[in-house]
Amino acid sequence: MSAVSDRLPDFPWDKLEPYKKTAAAHPDGIVDLSVGTPVDPVPELIQKALIGAADSPGYPTVWGTPELRDAITGWVARRLGARDVTHRHVLPVVGSKELVAWLPTQLGLGPGDTVALPRLAYPTYEVGARLARADHIVYDDPTDLDPANLRLLWLNSPSNPTGRVLAKEELTRIVAWARAHGILVFSDECYLELGWEADPVSVLHPDVNGGSYDGIVAVHSLSKRSNLAGYRAAFLAGDPAVLGPLLEIRKHGGMMTSAPTQAAVVAALGDDTHVREQRERYAARRTVLREALLAHGFRIEHSEASLYLWATRDESCWATVAHLADRGILVAPGDFYGAAGETFVRVALTATDERITTAAHRLSN
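Residues numbered from 1 in each chain as written. Predicted model: local features only at pLDDT ≥ 70, side-chain atom pairs only at ≥ 80, totals over all residues. Heavy atoms only, no water.

Asker: Teacher, can you tell me more about the overall build of the chain here?
Answerer: In terms of regular secondary structure, the chain is built from 13 helices and 13 strands. The C-alpha radius of gyration of the chain comes to 20 Å, within 12% of the 21 Å expected for a compact globule of 365 residues. If you line up the chain on its principal axes, its C-alpha atoms span 55 × 50 × 45 Å. Looking at the chain as a whole, 54% of its 365 residues are labelled buried. Sequence separation of at least 24 residues holds for 75% of the intrachain contacts in the chain that already meet a minimum separation of 6. In the form shown here, the chain has an accessible surface area of approximately 15200 Å², with 53% of it arising from carbon and sulfur atoms. Both charge centroids of the chain, one from 36 positive and one from 45 negative side chains, sit 2 Å from each other. (Helix = DSSP H or I, 4+ residues; strand = E, 2+ residues; numbered from the N terminus. Rg over C-alpha atoms; globule rule 2.2 N^0.38 Å. Buried < 20%, exposed > 50% of the residue type's maximum accessible area, 1.4 Å probe, protein only. Contact = heavy atoms within 4.5 Å. Areas by Shrake-Rupley, 256 points an atom, 1.4 Å probe, with all protein chains shown as cover. Lys, Arg positive; Asp, Glu negative; His and termini not counted. Charge placed at Lys NZ, Arg CZ, Asp CG, Glu CD.)

Asker: So what exactly am I meant to see when it comes to the layout of surface pockets here?
Answerer: Left-over empty space is what a probe sized like a water molecule reveals as it rolls over the atoms. In this model, the largest pocket occupies a volume close to 1200 Å³. In terms of lining, the largest pocket is formed by 44 residues, of which the most central are Trp13, Lys97, Tyr122, Pro123 and Thr124. Of all the secondary-structure elements, those providing two or more residues to the lining of the largest pocket are α5 (96-106), β3 (114-118), α6 (124-131) and β4 (135-139). When residues in the lining of the largest pocket are grouped by element, the largest group, five residues, is from α6. Per-class residue counts for the lining of the largest pocket are 24 nonpolar, 10 polar and 10 charged. Considered as a void within the structure, the second largest pocket measures approximately 370 Å³ in volume. Around the second largest pocket, the lining comprises 19 residues; the ones closest to its centre are Pro118, Arg119, Leu120, Asp140 and Arg164. Broken down by secondary-structure element, the contributors of at least two residues to the lining of the second largest pocket are β5 (150-156) and α7 (168-180). Taken together, the residues of the lining of the second largest pocket sort by class into 10 nonpolar, four polar and five charged. (1 Å grid on protein atoms, 1.4 Å probe; cavity = no way out; pocket = protein on both sides within 12 Å on 5 of 7 lines; lining within 4 Å. Points joined across faces, edges and corners; volume = space filled by probe spheres on them. Nonpolar A, V, L, I, M, F, W, Y, C, P; charged D, E, K, R; others polar.)

Asker: I'm lost on the pattern of salt bridges in this one. Help?
Answerer: Pairing is possible between side chains of opposite charge, provided their charged atoms come close. Scanning the entire structure with this criterion turns up 21 salt bridges. The salt bridge partner of Lys48 is Glu44, with a shortest N-O separation of 3.4 Å. Separated by four residues within a single helix, Lys48 and Glu44 lie in helix α3 (residues 44-52), roughly one turn from each other. An identical accessibility class is assigned to Lys48 and Glu44; each is exposed. As a salt-bridge pair, Glu126 and Arg130 come within 2.7 Å of each other at their nearest N and O atoms. Of this pair, Glu126 and Arg130 both sit in helix α6, four residues apart, which is roughly one turn of the helix. Of the residues examined, Glu126 reaches a relative accessible area of 23% and is grouped as partly exposed. (Salt bridge = Lys/Arg side-chain N within 4 Å of Asp/Glu carboxyl O.)

Asker: How should I be thinking about α6 in this particular structure?
Answerer: Residues spaced three or four apart along an α-helix point in a common direction, a consequence of the helix completing one turn every 3.6 residues. Those residues of α6 that sit buried are Thr124, Tyr125, Gly128, Ala129 and Leu131. Mapping the buried residues of α6 onto a view down its axis gives an arc of 165°, with all of them on the same face. Just past α6, the residue Arg133 takes up positive phi, approximately 65°. (Arc of directions from axis to C-beta.)

Asker: Quick question: what am I supposed to make of the nonpolar core here?
Answerer: Across soluble globular proteins, nonpolar side chains show a tendency to be buried alongside one another. By size, the foremost hydrophobic cluster in this structure holds 68 residues, and its most contacted members are Leu33, Trp154, Phe186 and Leu236. Here this core gets five residues from one element, more than from any other, and that element is helix α12 (residues 317-325). Counting 43 residues, the second largest nonpolar core, distinct from the first, contains Val203, Val208, Ala237 and Ala268. (Core = buried A, V, L, I, M, F, W, Y, C linked by side-chain atoms within 4.5 Å.)

Asker: Hey, could you run me through the pairing of strand β13 (residues 344-348) in this one?
Answerer: Residues in a regular strand point their side chains to alternate faces of the sheet. β13 sits mainly inside the fold: five of its five residues count as buried. The alternating pattern of β13 places Phe344, Arg346 and Ala348 and Val345 and Val347 on opposite faces, both of which are buried. As defined by bridge partners, strand β10 (residues 308-312) adjoins β13 across five bridges and the pair is classed as antiparallel. Bridge pairing links Ala311 to Val345 in β13. Sheet topology places strand β12 (residues 332-333) next to β13; two bridges connect them, and they run antiparallel. (Pairing = 2+ DSSP bridges.)

Asker: Where do I start with empty space enclosed by the protein in this structure?
Answerer: The tally for this structure, following the rule as stated, stands at three cavities of 30 Å³ or more. Lining the largest cavity we find Trp75, Glu189, Cys190, Leu192, Glu193, Leu194, His220, Ser221 and Arg225. Split into classes, the residues belonging to the lining of the largest cavity amount to four nonpolar, two polar and three charged.

Put into C-alpha cells, the structure is as follows:
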C-alpha cells in the first residue's frame, strides 16, 4: 500500500485545519467557504424518486437502467445541443472524482505516457496521472504542448478554481488540434449549468466537434446543479470507442451506481425547474459575496462561471487565508490548485444565505 500512497502528494486539505480551528473560534461561529459542498436541501422530487427505488435488493448494472440512459441522452441533447446521442454514447459513473482519479489507469496509461492538465486545476487530475504512474504536464494553451507521448488532455470549462470559461472558438480549435495528433480529450464540464457572465459551451456541441464525437468525452455531475454530492451521481458522454472499453473495465471492477441513485438521477435530469431555482440562490449569494470582497480590497479575476470567486489581495494566499480566518471565514488557498495560484484564494458560494450575509458583514467591519 505504501508504494501506491508514496506516488501521491500530501492531501492538501489537511494543511487548512489550523485555520479552520481559528475560524471556528469566532464568537458567532465559522463561515466555511472553503469546500464547494452543497448545503441546500435535495429537491423533493429527487428524494421521492430515491425513496421509491429503496426496495432494490438486486445488483444494479454498471451501464445503468435503460431509463437512466434515456434520461442522460435526452439531457445532453436538450441542454448541451448534442445530436444523435445513443445509449452507446453515455456511461454513468460513481461521482466524477472517482472517474477523474482512476481514468488514466482505466485507459491503460502508464510510464512514458503524459496527461495534460490546466496550470490551475482540480488536484485530482494530477492524482489520476500519479496513480497510473504516468507523467503529467500543465498548460496555459494545450496547443503549445509537444504532442509526443501526450495521451490524455483534460479540459475544464467552467474552471475549478478560477471560474474561467473557454469560448466556443477556443474549444473548437483545441479539439481540432487534439484530433490531429491523436490525443484523447476529456472535458470536465461539471459546472456548466452555473454560468454568470458567460454561457459555457460543451465539447458535445456540434459547433465544437463538427458533428463527430471521435476522441472526445464530456464529464458531468449532479452534485452542484441538483445538490446531489451525497448521492455520488455523475456520467460521461461522448466517443463510444472510449466508453465501450471503460464500461467493460468498470463491470469487472464493480463500479456501479446504486439503483436508488439511478432512479434519483432520472428524476433530476428530467426536471429543469429545481436547477433554475438553485441557480438563483447561488446568483444571489455570489452578488453579496462579490460586493463584500471588492469593498474589502480584494480583486476578483475570471469567476464568470462556477461556484467560486477567484480573489486576491496580491499577497501570499496563506496570509489571506489567515486574515479571513481571524474574521471567522474559511477559504481555500490558491496554491492547492497549482503554483500559479499562490496569491489567490478560492471563495465558495456554498453556504446558507445567513452565513453568506454574516461573511459580508464581517468583511465590512
